[in-house]
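As a plain string of letters, each chain reads:
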Amino acid sequence: MTLSVVIPVYNEEENVRLLYERLKGALDPLGKEYEILFVDDGSIDKTLAVLEEIQAKDNRMIVLSLRRNFGQTAAFAAGFDFARGDVVVTMDGDLQNDPADIPKLLELIKDNDLVSGWRKKRKDPFFTRRLPSIMANWLISNVTGVKLHDYGCSLKAYRRDVIKNLKLYGEMHRFIPAVASWYGVRVAEVETVHHPRIRGKSKYGISRTVKVVLDLITVKFLQSFSTKPIQFFGPVGIMSGFIGFLILLYLSIDKLFFGTSIGARPLLLLGALLVIVGIQLIGMGLIGEMLVRVYHESQRKPIYVIKKILGPESK
Ligand code: UDP
Ligand code: MG
């Protein structure tokens, strides 16, 4: 088994060298073939210079330097594209995750496709970080059906085929276990240590919460309906259109047979609105269906994932 460690760093000049040394300390004794892949996410401090210096002396070290700050998710995606290991471990570059936990993850990855760290004793401020995180983990676990205590923990291990199939957008790296569940991966969780950030600044604040909620909606939609959007929009559209139709029918009878004036009745507005919304939703579902076909058929992307093939052709 070969190993790649992928670490996105943005303005971590004070952390990278120490992290590199701790990584060495944790990886060398394993006796495995490994590479350490730092992704410099457009740092504007000396991070890249420090990394270059380390790289010059160690050819197990790879440094990808992105042209500008693309964000942690993009940095992970870049790392995944270049990683060559059978197992890919990700972690933060700020020394909050501990390289000493990597062997624990590797032990579990033998029987799983994805192992996620759980910062049980998390060393971050309570109100701005830990509380939102507790709520987010509860919400994500229940919405996606992949129950984890700590989605936000960057320290994770993946089997190669899990990440090679993955397409990441937005701020979606924290949702990888949920996204990957579409592929039917086995997910395990392991307690890991967490240190307070001593050097450098955190790149995120409370505003991340809104982004997480929006990404969650996207993930949930894609997880459940990405190959059948009409099944999502259709039922709501039909319900809305049908109720609207009943309302308008009632108003029409009232007008035609009983001569009631209906022009000023709020119900008329509601009925018309429900019918229009219903038609719109079904229309959106149909457009979605066309997009699904364009996406999958133009690129020959299957709507299934094969684990293995047994039979005469499998060799
Ligand atoms: N990071 C990055 N690009 C960004 C923001 C952050 O590569 O645009 C890296 C950062 O250098 C660190 C990791 O992502 O290695 C996690 O960031 P941070 O420690 O600020 O997040 P927190 O631990 O506060 O959630
Ligand atoms: Mg951090």
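Preceding block: the structure.
Here goes a summary of the coordinates provided.

The rules behind each value
Residues numbered from 1 in each chain as written. Chains lettered and ligands numbered in written order. Predicted model: local features only at pLDDT ≥ 70, side-chain atom pairs only at ≥ 80, totals over all residues. Heavy atoms only, no water. Donors = N, O, S within 2.8 Å, 3.2 Å for Na, K, Ca; no water. Buried < 20%, exposed > 50% of the residue type's maximum accessible area, 1.4 Å probe, protein only. Near = heavy atom within 4 Å. Polar contact = N/O pair within 3.5 Å; in protein donor to acceptor, adjacent residues only side chain to side chain. Areas by Shrake-Rupley, 256 points an atom, 1.4 Å probe, with all protein chains shown as cover. Nonpolar A, V, L, I, M, F, W, Y, C, P; charged D, E, K, R; others polar. Salt bridge = Lys/Arg side-chain N within 4 Å of Asp/Glu carboxyl O. Helix = DSSP H or I, 4+ residues; strand = E, 2+ residues; numbered from the N terminus. Pairing = 2+ DSSP bridges. Right-handed = clockwise from strand over helix to strand, strands pointing away. Phe/Tyr/Trp six-rings, centres within 6.5 Å; stacked < 30°, edge-to-face > 60°.

## A word on the coordination of the magnesium ion (ligand 2)
Under ideal tetrahedral coordination, the four donors around a metal are separated by 109.5 degrees; under ideal octahedral coordination, the six donors are separated by 90 or 180 degrees.
Part 1: Looking at the magnesium ion (ligand 2), one finds its protein donor set to be D94 (OD) and Q96 (OE1), positioned 1.9 Å from the metal centre. Neither residue differs from the other here; D94 and Q96 are each classed as buried.

## Let's talk about the site of ligand 1
Part 1: D41, D94, R129, S202 and K203 are the nearest of the 18 residues found near ligand 1.
Part 2: Q96 places a side-chain nitrogen or oxygen 3.0 Å from an oxygen atom of ligand 1.
Part 3: Between ligand 1 and the protein, one listed contact pairs an oxygen atom with a backbone N or O atom of K203 at 2.6 Å.
Part 4: About the coverage of ligand 1: the protein hides 95% of its 530 Å² of free accessible area.
Part 5: Grouping the constituent residues of the shell around ligand 1 by class yields four nonpolar, six polar and eight charged.

## Looking at the pattern of salt bridges
Here the idea is simple: oppositely charged side chains can pair when their charged atoms come close.
Part 1: This structure, assessed with the given rule, holds 16 salt bridges.
Part 2: Salt-bridge contacts for E35 lead to R84; the nearest nitrogen and oxygen are separated by 2.7 Å. On the criterion of sequence distance, the pair formed by E35 in strand β2 (residues 33-40) and R84 in the loop between α3 (72-82) and β4 (87-90) is long-range, its members being 49 residues apart.
Part 3: Look at E35 and you get buried, because its relative accessible area is 6%.
Part 4: D94 is paired through a salt bridge with R197; the nearest N and O atoms lie 3.3 Å apart.

## Comments concerning the pairing of strand β3 (residues 61-65)
Here is the key point about a regular strand: its side chains alternate between the two faces of the sheet.
Part 1: With five bridges joining them, β2 and β3 adopt parallel strand pairing. Note that in β3 the partner of V39 across the bridge is L64.
Part 2: Tracing the backbone out of β2, into helix α2 (residues 47-57) and back to the parallel element β3 gives a crossover that is right-handed.

## Observations concerning the packing of aromatic side chains
Part 1: Taken as a whole and assessed by the stated rule, the structure comprises nine aromatic pairs.
Part 2: Seen in terms of ring centroids, W182 and Y183 are 5.3 Å apart; in terms of plane orientation they differ by 85°. Their pairing is edge-to-face.
Part 3: A residue is classified by how much of its surface remains accessible, and W182, at 36% relative accessible area, is partly exposed.
Part 4: Aromatic side chains F221 and F233 sit 6.0 Å apart centroid to centroid with 55° between the ring planes, which places their arrangement in the tilted category. Note that F221 is positioned in helix α8 (residues 208-225) and F233 in helix α9 (residues 229-258), a separation of twelve residues in sequence.

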